[in-house]
Structure formats: structure tokens, C-alpha cells
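# Close look at the chain arrangement
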Amino acid sequence: MSQDKQMKAVSPLLQRVINISSIVGGVGSLIFCIWAYQAGILQSKETLSAFIQQAGIWGPPLFIFLQILQTVVPIIPGALTSVAGVFIYGHIIGTIYNYIGIVIGCAIIFYLVRLYGAAFVQSVVSKRTYDKYIDWLDKGNRFDRFFIFMMIWPISPADFLCMLAALTKMSFKRYMTIIILTKPFTLVVYTYGLTYIIDFFWQML
């Protein structure tokens, strides 16, 4: 039996849920940012941290779960959650929480794509993005090198490329090894760069 026949079909209901969740998440994030700014929560890193710390011991696990969720289904921009983690918990602890959530999310992505195939990928990303990178599946070992490079590159479409990797013959062990080894570097560069930019604008307010 071929691999394609073993894959489950993505139901129209699941596709609608994914699409609606992405829209709701994006709109909800925008509304929250506007509300938080007007409420003074976004005045500084300290006010944002104080707001989230109200969740007490549930704060870290909830944040990690949110990071897992946004990695699997793009309901919230990844940049927003990653930077928020650093602002709320500090550079070291925040990066660790980001790392845990993203690594778990990447593992789930791989499993879902291996289970549902290209149909799942197409239900999550735009056709333009899918068509732009899908030809890499025909490049054999070159895809592995491309994947490693893009996982290191801070501004790559990492979540989508993780899905793409699951469509190749790459083993789960090799895939997770790449994720585990490259994500710390990417997170540090990405979050430090963005937090520096946001700090600059915060000081101007």
C-alpha cells in the first residue's frame, strides 16, 4: 500500500476550523493589542510582565501551550508570542519557554503532516507559499541542507518548512535533531533583535 493511500483525508470541517481559527486569532491579537495599549499594559515591559504574572503558577504552562498552538496552527503571529515570552519572563527564562513550546509544536506538526499528507499543509498555508517551496521535495538530499539553513535563518517561514520536511523521506529522529539544535540560535537572534527594536520604539513613546 502506498504512503498516499495510508494517509487520512483532511475533513472539510477541520479545514474550516483551521481557517477560521487563523482569522479569529489574527483579529483577536489585534484587538488585544489595541485594548492593552489603551489600558496601559503595553506602556513598558514591566507593565506587560505584571499583567501576565497575575496568572500565577499557571502563567508558564499556559504560555508554553499558546506557543505550541501557534506553531501548529497560525492563530497568533509567532513573532508576537516569542517576543512576549522574553518581555514577560526575561531573556533566559522566556527563551527557554519559547523553545519548549516551539519544539513540541514542531514535533506535532511533523506527526500531523505524516498522518494527513499534503492536504493538511494546504489547509494551513496559502497556495502561493505552498507552490513557492514545494519543488524542494524533488531535490533529495539538497532539501536537508536547505532545511537546516532555513531553520537557522531567523526570518524563514519555519512552521511551513517543518510541514514540508514531513512530506519528504526525512526521518523523525533527524528532523527533531535539526529542530533541537537550530532553534536556540534562531530564537536568540530573532527575539533579541525584535525586542531591541520594540524597546527603541517604547522609549520614543
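Keep in mind that this is a model prediction, so the values were computed, not measured.

### Concerning the UniProt feature "transmembrane region" (unreviewed entry) in the protein chain
Per the UniProt record, "transmembrane region" (unreviewed entry) is annotated on residues 20-42, 62-89, 96-117, 146-166 and 178-198. Annotation note: span residues 96-117, helix share 95%, strand share 0%, distance between end C-alpha atoms 31 Å. Span residues 146-166 is 76% helix and 0% strand, its end C-alpha atoms 14 Å apart.

### A word on the nonpolar core
One finds Phe147, Leu161 and Tyr175 to be the most contacted residues of the largest nonpolar core, which totals 35 residues. Breaking this core down by element, the ones donating at least two residues are α6 (91-116), α7 (118-124), α8 (127-133), α9 (141-152), α10 (158-166) and α11 (172-204). No other element matches the 8 residues that α10 contributes to this core. With residues up to four places along the chain from it excluded, the contact list for Leu161 reads Tyr133, Phe143, Phe146, Phe147, Met150, Met151 and Ser156. Among the nonpolar cores identified, the runner-up in size contains 7 residues, and Phe63, Ile64, Ile68 and Tyr97 belong to it.

### So, the packing of α9 against α10
Put simply, α9 and α10 touch, their axes get as near as 10 Å, and they point 155 degrees apart. Classed by the angle they form, the pair α9 and α10 counts as roughly antiparallel. At the point where α9 passes α10, the crossing takes the left-handed sense. Contacts between α9 and α10 involve Phe143, Phe146, Phe147, Met150 and Met151 on the former and, on the latter, Ala158, Leu161, Cys162, Leu164 and Ala165.

### Brief notes about helix α4 (residues 59-72)
When the terminal C-alpha atoms of α4 are compared, their 20 Å separation across 14 residues agrees well with the 20 Å that a helix rising 1.5 Å per residue should span. Within the sequence span of α4, burial applies to Gly59, Pro60, Phe63, Ile64, Gln67, Ile68, Gln70, Thr71 and Val72.

Each value, and the rule that gives it
Residues numbered from 1 in each chain as written. Predicted model: local features only at pLDDT ≥ 70, side-chain atom pairs only at ≥ 80, totals over all residues. Heavy atoms only, no water. UniProt positions renumbered as here; feature names shortened; annotations may be inferred. Helix = DSSP H or I, 4+ residues; strand = E, 2+ residues; numbered from the N terminus. Core = buried A, V, L, I, M, F, W, Y, C linked by side-chain atoms within 4.5 Å. Buried < 20%, exposed > 50% of the residue type's maximum accessible area, 1.4 Å probe, protein only. Contact = heavy atoms within 4.5 Å. Axes fitted to C-alpha atoms, helices over the stretch in contact; angles between N-to-C directions. Parallel < 35°, antiparallel > 145°, perpendicular 65-115°, else oblique. Left-handed = near helix turned anticlockwise from the far one by under 90°. Expected span 1.5 Å × (residues − 1).

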